[in-house]
Amino acid sequence: MVAHLGVISFSSSCHLFHSLPQLSLRLHKPIVMATVSTDPVREWILTEGKATQITGISPVGGGCINLASRYNTDAGSFFVKTNRSIGPEMFEGEALGLSAMYETNSIRVPRPYKVGALPTGGSYIIMEFIEFGSSRGDQAVLGRKLAEMHKAAKSEKGFGFHVNNTIGSTPQINTWTSDWVEFYAEHRLTFQLELAQQQFGDSAIYKKGQRLVKNLGALFEDVTIEPCLLHGDLWSGNISSDKNGEPVILDPACYYGHNEAEFGMSWCAGFGGSFYNAYFEVMPKQPGFEKRRDVYLLYHYLNHYNLFGSGYRSSAMSIIDDYLRVLKA
């Protein structure tokens, strides 16, 4: 994935994209399904987008899954992603995740405007175009803003999200669950382990992984866990800054979960000491953080194994073996 001047066009790990079906969220501009027209993107920009003319359309480098374009108009620029084969539910999910984060008024995210179907098949999303700065911004500011988002958005329904979505192109199940350990064991680790067994016939990693899953609770003793809104796929390709140096995060795989799970992509995110120091000033570190850290990395290593093959298997198996030894499982 290549970060561009607006938003990254696909995401996850060190690659990919995301999604979700429908949900009603309060937005300043509601996301509504478009009626199919000859060119629904142009139609929206010239009506609800309040532009009177489109002065230029330029491709934005990035993903292999979606096409990304910048639409320049007399009302400003818009960022548009299209997919010729996948229906609107994928972009609906992306919009809902962005909307949920946007509503926290904490860290900057691209504001989604419209999701719809293309008349020739496929779908599109129109969102705010953010002009990126020359760097990823200040790590301390990123840590503080991310913690503010986690602190601002809580869920009374438990752990999960209003819809299922994807992590990369892998389904991510977000069924509401009252217990975090149960949610993470079933809908994150077990789901990935079963996928590895189905795709690669890898019964070894499945059996060992299930032993860890059954003993997961020991890592969460004396920990208070609140369901915080997570970006869900926070790696370097999904982190940037605007022209003023303020951090921007994009391409989410949102759900409500344990705040520590946000660091599951840290092996691919480049978080430094200043990031963690600033984060924990807002969201204090819980006992046992260090011993739980790798269990959150495991989910993403397993996902990479399932998406990209055996190059990630050893990292996942090493984490499982280490925990089985420590937990005497």
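Our subject is the structure listed above.
An account of the accompanying structure is given in this report. Not measured: the values here are computed from a predicted model.

Cut-offs and rules
Every chain is numbered independently, its residues counted from 1 as its sequence is written. This being a predicted model, a pLDDT of at least 70 is required before a residue's local features are given, and a value of 80 or more before pairs of side-chain atoms are given or counted; all residues contribute to the totals for chains, interfaces and linings. Excluded from the side-chain calculations are hydrogens and water; all other atoms, namely the structure's heavy atoms, are used. Only runs of H or I of at least four residues qualify as helices and only runs of E of at least two qualify as strands under DSSP, and these elements are numbered from the N terminus. In this description, a line fitted to the C-alpha atoms serves as the axis of each element, helices being fitted only across the stretch in contact, and the angle between N-to-C directions of two axes falls anywhere from 0 to 180 degrees. Each angle gets one of four labels, with under 35 degrees taken as roughly parallel, over 145 as roughly antiparallel, 65 to 115 as roughly perpendicular, and the rest as oblique. Should the near helix be turned counterclockwise from the far one by less than a right angle, the crossing is left-handed, whereas a clockwise turn marks it as right-handed. Note on contacts: a residue pair is in contact if any heavy atoms of the two residues lie within 4.5 Å. Under the scheme applied, nonpolar residues are Ala, Val, Leu, Ile, Met, Phe, Trp, Tyr, Cys and Pro; charged residues are Asp, Glu, Lys and Arg; polar residues are all the others, including Gly. Aromatic rings from Phe, Tyr and Trp, taking only the six-membered ring of Trp, are treated as a pair when their centres fall within 6.5 Å; an angle between ring planes under 30 degrees marks them as stacked, one over 60 as edge-to-face, and anything in between as tilted. Here the term buried applies to any residue with accessible area under 20% of the maximum for its type, exposed to any over 50%, and partly exposed to those in between, with areas from a 1.4 Å probe on protein chains only. Salt bridges are defined by distance alone: a side-chain nitrogen of Lys or Arg within 4 Å of a carboxyl oxygen of Asp or Glu. Here a helix's expected span is defined as the number of its residues, less one, multiplied by 1.5 Å. The directions from the helix axis to the C-beta atoms form the arc being described. Throughout this description, a polar contact denotes any pair of N or O atoms lying within 3.5 Å of each other; where both atoms belong to protein, one of them has to be capable of donating a hydrogen while the other can accept it, and for residues adjacent in sequence the pair is counted only when both atoms sit in side chains. A patch consists of residues exposed above 30% relative accessible area that lack any salt bridge, with like charges linked at up to 9 Å and nonpolar side chains (Val, Leu, Ile, Met, Phe, Trp, Tyr) linked at up to 5 Å. Accessible surface area values rest on a Shrake-Rupley calculation with a 1.4 Å probe, where residue burial reflects the displayed protein chains alone. Counted charges follow a simple rule, with Lys and Arg positive, Asp and Glu negative, and His plus the chain ends left uncounted. In plain terms, the charge of a residue is placed at NZ if it is Lys, CZ if Arg, CG if Asp and CD if Glu.

1. Quick look at unusual backbone geometry
Its identity is not glycine, yet K50 carries a phi of approximately 65°, on the positive side. With respect to the secondary-structure elements, K50 resides in the loop between helix 1 (40-45) and strand 2 (54-60).

2. Concerning the packing of helix 3 (residues 139-152) against helix 6 (residues 273-282)
As a packed pair, helix 3 and helix 6 sit with axes 7 Å apart at the nearest point and diverge in direction by 30°. Classed by the angle they form, the pair helix 3 and helix 6 counts as roughly parallel. Of the two elements, helix 3 crosses helix 6, and the hand of that crossing is right-handed. Contacts between helix 3 and helix 6 involve Q139, A140, L142, G143, R144, L146, A147, E148, H150 and K151 from the former and S274, F275, A278, Y279 and V282 from the latter. Of the residues belonging to the contact of helix 3 with helix 6, the class tally is 8 nonpolar, 4 polar and 3 charged.

3. Observations concerning the packing of aromatic side chains
Under the defined criterion, the tally for this structure stands at 30 aromatic pairs. Ring geometry for F263 and F271: centres 6.3 Å apart, planes at 80°, overall edge-to-face. A residue is classified by how much of its surface remains accessible, and F271, at 12% relative accessible area, is buried. The interplanar angle of 70° and the centroid separation of 5.3 Å between the aromatic rings of F263 and Y276 together place this pair among those described as edge-to-face. In this pair, F263 is assigned in the loop between strand 12 (255-257) and helix 6 and Y276 in helix 6, connecting sequence segments 13 residues apart.

4. Looking at the environment of N244
Relative to the helices and strands, N244 is located in the loop between strand 10 (239-241) and strand 11 (247-249). Each C-alpha atom of the pair N244 and G133 lies 7.0 Å from the other, and the pair is 111 residues apart in sequence.

5. Regarding the environment of G209
Its place among the elements puts G209 in helix 5 (residues 203-214). Judged by its relative accessible area of 2%, G209 falls in the buried class. A C-alpha to C-alpha distance of 8.9 Å links G209 and L324, two positions 115 residues apart in sequence. Excluding its chain neighbours within four sequence positions, the residues that come into contact with G209 are L193 and I320.

6. Side note on the pattern of salt bridges
Under the definition given, this model contains 14 salt bridges. Linking E260 and R292 is a salt bridge whose minimum nitrogen-to-oxygen distance equals 2.8 Å. Placement of E260 in the loop between strand 12 and helix 6 and of R292 in helix 7 (residues 289-308) is noted, with a sequence separation of 32 residues between them. Like E260, the residue R292 is buried in the burial classification. Taking the shortest distance from any N to any O, the salt bridge between D322 and R325 comes out at 2.4 Å. Of this pair, D322 and R325 both sit in helix 8 (residues 313-326), separated by 3 residues, roughly a single helical turn. In this structure, a network of salt bridges that share partners links the residues K81, E94 and D251.

7. Description of helix 2 (residues 89-102)
In this model helix 2 runs 20 Å from its N-terminal to its C-terminal C-alpha over 14 residues, within 8% of the 20 Å that 1.5 Å per residue would give. When you tally the buried positions in helix 2, you get 12 out of 14 residues, the bulk of the element. Buried within helix 2 we find M90, F91, E92, G93, E94, A95, L96, G97, L98, S99, A100 and M101.

8. Details of helix 5
Across its 12 residues, helix 5 extends 16 Å between first and last C-alpha, which sits within 8% of the 16 Å expected from 1.5 Å per residue. Taken as a whole, helix 5 has its buried residues at I205, G209, Q210, L212 and V213. Buried residues of helix 5, viewed axially, fall in a sector of 160°; they line one side. The outward face of helix 5, more than 90 degrees from its buried face, is lined by the exposed residues K207 and K214. Those residues of helix 5 that are buried lie in contact with helix 4 (180-200), helix 7 and helix 8.

9. Concerning the side chain of D242
Relative to the helices and strands, D242 is located in the loop between strand 10 and strand 11. By relative accessible area, D242 is classed as buried at 6%. Here the side chain of D242 touches N244 through a polar contact of 2.9 Å, landing on its backbone nitrogen. For D242, the residues in contact, after removing those within four places along its chain, are R108, I130, E131, F132, G133 and V248.

10. A look at the environment of S203
Its place among the elements puts S203 in helix 5. As for S203 and L193, which are separated by 10 residues in sequence, their C-alpha atoms are 8.9 Å apart.

11. A word on a negative patch on the surface
Together, D179, E182, E186 and E194 give the surface a local cluster of negative charge. Of note, E182 is situated in helix 4. Given the relative accessible area of 42%, E182 is considered partly exposed.

Interpretation in functional terms is not warranted from these geometric data alone.
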